[in-house]
There are 2 protein chains.
Amino acid sequence: MIKIVLIGSGNIAFHLIQKITNTEGLFLAQVFARNTNDIALNYPNLSVTNIWKELKEADVYILAVSDNAIEEVSNQIPFENKLVVHTAGSVAMTQLSIKNRRGVLYPVQTFSKNKIIDFSKVTFCIEADNQNDYQILEEITKLLSAKSIQLNSEQRLALHISAVFVSNFTNHMCHLANEICQQNNIDFDLLKPLIIETAQKVNILSPLEAQTGPAIRNDFQTIQKHTDFLSENNLKNIYQLITTSIQQTHGKEL
Amino acid sequence: MIKIVLIGSGNIAFHLIQKITNTEGLFLAQVFARNTNDIALNYPNLSVTNIWKELKEADVYILAVSDNAIEEVSNQIPFENKLVVHTAGSVAMTQLSIKNRRGVLYPVQTFSKNKIIDFSKVTFCIEADNQNDYQILEEITKLLSAKSIQLNSEQRLALHISAVFVSNFTNHMCHLANEICQQNNIDFDLLKPLIIETAQKVNILSPLEAQTGPAIRNDFQTIQKHTDFLSENNLKNIYQLITTSIQQTHGKEL
């Protein structure tokens, strides 16, 4: 049984609490959160605290806090030589306080509170100071039914940036489309099968092969119609920059 | 039985030929394509031509040609008072020659030759000069097991622009991520479950609710790390423009 204390109350913490409390072989000994109310309400049998000196002993401390708080929070842990890991994509493992054994468990996935996560679709990028701790982290991911891969801090940063492109930026593209639809009395639902199909294509074709649309066809007239239609500057700028990037990628020129 | 002549040989034509030849109630009388070889090879029993005066009589002529060719091709059709439709998102129905009855069958989907399309996931936007022709087009979409909706040319243009954002632009985001991964020896496959999850989220949450990542968290330090890491100007510009757009959307400021 691996005894875990989880620190944090954001989206990743929310899903980890839910998953760990339902995973055989893992025991969630405590959650540390600034605001304890929400968690105490949902998990009445769980030990919850916001006082550092009340922190329980555990095998692993998982910090699911904001990137900028990782260093400070790791300094607050009132123990030494424990395994302390963070869950951030873009924070080096060495940002964690040296007084404890350090590691990283970065899930390559997007977590929203209102959407259940299938952990078999999550890969954790693992990093650890030593081989024994690496194996503990690997064991945790296995018990969570997730996959894992070893990545150093620099590769993890590159992967996190890539994740921002494929997830945060694509979602924002959907938001901008939603706005265009609303302004023109079009049901955004019409686009949902296209959104799914576009994502599924990447499982079969490389994004380079999967590219379609006016930019790759170098269809100047359609591009012109689209930019004329987009009266709002932000939409126009984004349309033009990405269109040019597609054309450059495929060796086309305006 | 609705008798169809298809004009064109691009991605949409490719999938329509495949689907129509396998659909009861529809008869593909002929395909007109500049290069007849590929089609003749794959469909030995199909009538294929590249000579306008050999064009057969049919109930509907479907033009799946490039946007800029629609007007000219519609003028070449050696018949009058036939139902002639195009399949483009951004071309007004009135671009079709007035000598025939005009209509539009625009599929809201992305078509690549190497990816099979499930037509039950395709919605066709229909437009027609008259109610009778509208019903013929609606009947064709039903026989194709697809959905349909009535949209006028201006709404269709807005929908097509939205489709460019959710499909062409999101796919390009995946391509850029693939490049970042390759440059850092990271397996792009790691991101595939994230790509699928991000798309599936839009079926459950609005893109506004589904947004995650450093931009919406206003995580300036992470954004700075990412833009410092991206040495290539195009990637940096795209990162910054979309990050700012997300922050503006959610009322945050750099």
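Residues numbered from 1 in each chain as written. Chains lettered and ligands numbered in written order. Predicted model: local features only at pLDDT ≥ 70, side-chain atom pairs only at ≥ 80, totals over all residues. Heavy atoms only, no water.

Participant: Can you help me understand the sheet that holds strand E6 (residues 101-107) of chain A in this one?
Facilitator: Paired through their backbone hydrogen bonds, the strands of a sheet run either parallel or antiparallel. Residue and element names in this part refer to chain A. On the basis of which strands lie adjacent, the open sheet formed by eight strands has the order E3-E2-E1-E4-E5-E6-E7-E8 and mixed pairing. Bordering the open sheet on either side are strand E3 (48-49) and strand E8 (147-150), each of which pairs with just one other strand. On top of the sheet, helix H1 (residues 11-20) reaches strand E1 (2-7), strand E2 (26-32), strand E4 (60-63), E6 and strand E7 (123-128); it is set at about 155 degrees to E1, its chief contact. Helix H5 (residues 153-183) rests against strand E5 (83-86), E6 and E7 of the sheet, and its axis sits at about 25 degrees to E6. (Pairing = 2+ DSSP bridges. Helix = DSSP H or I, 4+ residues; strand = E, 2+ residues; numbered from the N terminus. Contact = heavy atoms within 4.5 Å. Axes fitted to C-alpha atoms, helices over the stretch in contact; angles between N-to-C directions.)

Participant: I'm lost on the packing of helix H8 (residues 220-229) of chain A against helix H5 (residues 153-183) of chain B in this one. Help?
Facilitator: Two quantities define a packed helix pair, namely the angle between the axes and the distance from one axis to the other. H5(B) packs onto H8(A) with a crossing angle of 100 degrees between their chain directions and a minimal axis gap of 10 Å. Judged on the interaxial angle alone, H5(B) and H8(A) are roughly perpendicular. Side by side, H8(A) and H5(B) meet where A:Thr222, A:His226 and A:Phe229 of the first sit next to B:Glu154, B:Leu157, B:Ala158, B:His160, B:Ile161 and B:Val164 of the second. Across the contact of H8(A) with H5(B), the residue classes tally to five nonpolar, three polar and one charged. (Parallel < 35°, antiparallel > 145°, perpendicular 65-115°, else oblique. Nonpolar A, V, L, I, M, F, W, Y, C, P; charged D, E, K, R; others polar.)

Participant: What exactly am I supposed to notice about the relation of the copies chain A and chain B here?
Facilitator: Mapping one chain copy onto the other needs a rotation about an axis and a shift along that axis. Note on the identical chains: chain A maps onto chain B by a rotation of 180 degrees and an axial translation of 0.0 Å, with an RMSD of 0.0 Å. Both chain copies can therefore be described as sitting about a two-fold axis. Distance from the rotation axis, computed per C-alpha, reaches its smallest value in chain A at A:Thr170: 2.4 Å. Mapped onto chain B, 100% of the interface residues of chain A are again interface residues, and the two copies thus contact each other with one and the same surface. (Least-squares fit on C-alpha atoms with pLDDT ≥ 70 in both.)

Participant: How do you make sense of the interface of chain A and chain B when you look at a structure like this?
Facilitator: How big an interface is tends to be stated in terms of accessible area lost as the parts join. Facing the 91 residues of chain A at the interface are 91 residues of chain B. Contact between chain A and chain B buries roughly 8,600 Å² in total, counting both sides, with carbon and sulfur atoms accounting for 69%. When residues of chain A are sorted by the area they lose upon contact with chain B, A:Lys115, A:Phe165 and A:Leu190 head the list and together hold 8% of the total. Where chain A meets chain B, there are two salt bridges. Put simply, A:Lys115 and B:Glu197 hold a salt bridge, and the shortest N to O gap is 3.2 Å. Elements with a minimum of two residues in the side of chain A that touches chain B: H5, helix H6 (192-201), helix H7 (207-210), H8 and helix H9 (233-249) of chain A. Top element by residues in the side of chain A that touches chain B is H5(A). It accounts for 26 residues. Its residues assigned to classes, the side of chain A that touches chain B shows 45 nonpolar, 35 polar and eleven charged. (Buried area = accessible area lost by both parts, 1.4 Å probe. Salt bridge = Lys/Arg side-chain N within 4 Å of Asp/Glu carboxyl O.)

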